[in-house]
Amino acid sequence: MDWKYTVLGLVTGLLVGMTGMGGGSLMTPLLVFLFGVPPGTAIGTDIAHGAAFKTVSAVQHRRLGNVRARLAGWMLVGSAPMSLLGVWVNVELVQRYGDDVESVLGQVLGAALLFGAVGLIAKSLVRPVSSEDPGWALSTRDRLAAVLIGAFGGFIVGLTSVGSGVFFGLTLLILFPLRAHKVVGTDIFHAAVLLYVAGAAHWAAGNIDFAILFWLLLGSIPGVLAGGHLSVSIPEQRLRLLLAAILGLAGIKLLDVPGAGVIVVVALSGGLVFLLGWLGRHSWVRVQRARNGRAPAAID
């Protein structure tokens, strides 16, 4: 069973490395749906995993100058305390509903995943700001918006582990004059710090399975590094739309929509075949270009 967690971490790492999001949105429902991990434990373990997982990327983006630290700091003013409130609500649900908590948290998580799917689709359609004012400084409106964004997103992250990439990245794109790479860097930097806060609360509540966490990290860390290289050649918009479809299907399954099981299996199988086919075609074109002495290029 342990190697299966490593494979899950590897796949998640690849997707996060290629798209910049999807860690919590994918990991938690897969732990619940595929491995039968209780939702409370899955959420806590996923948050702890995300903290370690995104730190690797956050350090890299900080070194590259892709992080607006003050903006991330104002977001943390709202997100850190509200993430603790989200964890408290999570624990209260466990204590109140006992054996029925899987159904309750599953419904909450399913709704959050559907929100994440809509956010991903919107983010794929929103064009990032083409230029950034080098003299741009945070105004009072920017600080207030950052705190409110952090408060709402932090609560959802603490409660469900979903939203650190989808929600924060989308709102940064829409509300602030940032280049795309700075949106990604600031989002990841903020998420890494936020997940440490929420992860500590889940650790205190006993919601983290450290054995699962170890095996997940064994796959996800090399996965995110490999995914970063693949992101150069794979069309980001297509991957995000595919990921949005996966999140939507997972949300439908957790909400127990009639016929969801069959829909999920068929759709995921089709998506996997499409992705493998695209990667195979891409590899073949690269080989042909190399034989002809031409530099490989991205395929649209």
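Everything here concerns the structure above.
Being a predicted model, the structure only gives us computed values, none of them experimental.

Enquirer: Before we move on, can you summarise the overall build of the protein chain with the specific residues and values?
Expert: Each helix and strand counted, the protein chain has eleven helices and zero strands in total. If you list the helices and strands of the protein chain from N to C, you get α-α-α-α-α-α-α-α-α-α-α. Within the span of the protein chain, comprising 300 residues, buried residues form 48% of the whole. Across the protein chain, contacts joining residues at least 24 apart in sequence account for 81% of those joining residues at least 6 apart. Only carbon and sulfur atoms are counted for the fraction: they give 67% of the accessible area of the protein chain, which is about 14,200 Å².

Enquirer: Now, about the pattern of salt bridges: what can you tell me, with residues and values included?
Expert: For the structure on display, the rule yields one salt bridge. Across the salt bridge formed by D142 and R141, the nearest N and O atoms sit 2.6 Å from each other. For D142, a relative accessible area of 5% puts it in the buried group.

Enquirer: I'd like to hear about a nonpolar patch on the surface, residue by residue, with values.
Expert: Residues W3, V7 and V11 make up a contiguous nonpolar surface patch of roughly 300 Å² in combined accessible area. Among the secondary structure elements, V11 is positioned in helix α1 (residues 2-19).

Enquirer: Go over the nonpolar core, please, and point to the residues and values.
Expert: Soluble globular proteins tend to pack their nonpolar side chains together in the buried interior. In terms of nonpolar packing, the biggest core is built from 21 residues, with L71, M75, I149, F168, L172 and F176 touching the most fellow members. Elements that contribute at least two residues to this core include exactly α3 (39-63), α4 (69-97), α6 (140-160), α7 (166-175) and α8 (180-204). Excluding its chain neighbours within four sequence positions, the residues that come into contact with I149 are M75, F167, F168, T171, L175 and F176.

Enquirer: So what about the packing of aromatic side chains? Which residues, and what values?
Expert: Enumeration according to the criterion identifies two aromatic pairs in this entry. Summarising the aromatic geometry, the rings of F214 and W215 are spaced 5.2 Å apart at their centres and angled 75° between planes, so their arrangement reads as edge-to-face. Assessed through its relative accessible area of 26%, W215 is described here as partly exposed. The ring of F189 has R62 lying over it, and the distance from NZ or CZ to the ring centre is 5.9 Å. Stacked on the ring of F176, the Lys or Arg R141 has its end atom at 6.0 Å from the ring centre.

Enquirer: Kindly report on α6, identifying the contributing residues and their values.
Expert: Structurally, the α-helix is built with 3.6 residues per turn, so residues lying three or four positions apart point the same way. With 21 residues, α6 extends 30 Å from end C-alpha to end C-alpha; this agrees with the ideal 30 Å at 1.5 Å per step. Looking at α6, one finds that the buried residues are D142, A145, A146, I149, G150, A151, G153, G154, V157, G158, L159 and T160.

Enquirer: Lay out the environment of A200 with the relevant residues and their values.
Expert: If you trace the backbone, A200 turns up in helix α8. On the basis of relative accessibility, which here comes to 42%, the residue A200 falls in the partly exposed class. A C-alpha to C-alpha distance of 9.2 Å links A200 and L84, two positions 116 residues apart in sequence.

Enquirer: Account for the side chain of T186, with residues named and values stated.
Expert: With respect to the helices and strands, the residue T186 is situated in helix α8. A distance of 3.0 Å separates the side chain of T186 from the backbone nitrogen of R68, its partner in a polar contact. When residues no more than four places from it in sequence are discounted, the contact partners of T186 are N66, V67, R68, L71, A72 and L172.

Enquirer: Explain the environment of L30 to me, using residue names and the numbers behind them.
Expert: Among the secondary structure elements, L30 is positioned in helix α2 (residues 23-35). Remark: the alpha-carbon pair of L30 and A42, spanning twelve residues in sequence, is separated by 9.0 Å. Not counting residues within four places of it along the chain, the set of residues in contact with L30 comprises L8 and F35.

Enquirer: Let's hear about α3: which residues, and what values?
Expert: Along its 25 residues, α3 runs 36 Å from first to last C-alpha, staying within 8% of the 36 Å computed at 1.5 Å per residue. The largest bend in α3 amounts to roughly 30° and is located at T55.

Enquirer: How would you sum up the side chain of N66? Please name residues and give values.
Expert: If you trace the backbone, N66 turns up in the loop between α3 and α4. Those residues in contact with N66 that sit more than four places away from it in its chain are H61, H181, K182, G185 and T186.

Enquirer: Can you tell me about the packing of α4 against α6, naming the residues and giving the values?
Expert: The geometry of a pair of packed helices is captured by two quantities: the angle between their axes and the separation between those axes. One way to put it is that α4 packs onto α6 with a least axis distance of 6 Å and a crossing angle of 25°. In this view, α4 runs roughly parallel relative to α6, as classed from their interaxial angle. Crossing angle aside, the handedness with which α4 passes α6 is right-handed. When grouped by side-chain class, the residues that make up the contact of α4 with α6 number 15 nonpolar, eight polar and one charged.

So, how was this worked out
Residues numbered from 1 in each chain as written. Predicted model: local features only at pLDDT ≥ 70, side-chain atom pairs only at ≥ 80, totals over all residues. Heavy atoms only, no water. Helix = DSSP H or I, 4+ residues; strand = E, 2+ residues; numbered from the N terminus. Buried < 20%, exposed > 50% of the residue type's maximum accessible area, 1.4 Å probe, protein only. Contact = heavy atoms within 4.5 Å. Areas by Shrake-Rupley, 256 points an atom, 1.4 Å probe, with all protein chains shown as cover. Salt bridge = Lys/Arg side-chain N within 4 Å of Asp/Glu carboxyl O. Patch = residues over 30% accessible without salt bridge, like charges linked within 9 Å, V, L, I, M, F, W, Y side chains within 5 Å. Core = buried A, V, L, I, M, F, W, Y, C linked by side-chain atoms within 4.5 Å. Phe/Tyr/Trp six-rings, centres within 6.5 Å; stacked < 30°, edge-to-face > 60°. Lys NZ or Arg CZ within 6 Å of the ring centre and 35° of its normal. Expected span 1.5 Å × (residues − 1). Polar contact = N/O pair within 3.5 Å; in protein donor to acceptor, adjacent residues only side chain to side chain. Bend = angle between axes of the 7 residues up to and from the residue. Axes fitted to C-alpha atoms, helices over the stretch in contact; angles between N-to-C directions. Parallel < 35°, antiparallel > 145°, perpendicular 65-115°, else oblique. Left-handed = near helix turned anticlockwise from the far one by under 90°. Nonpolar A, V, L, I, M, F, W, Y, C, P; charged D, E, K, R; others polar.

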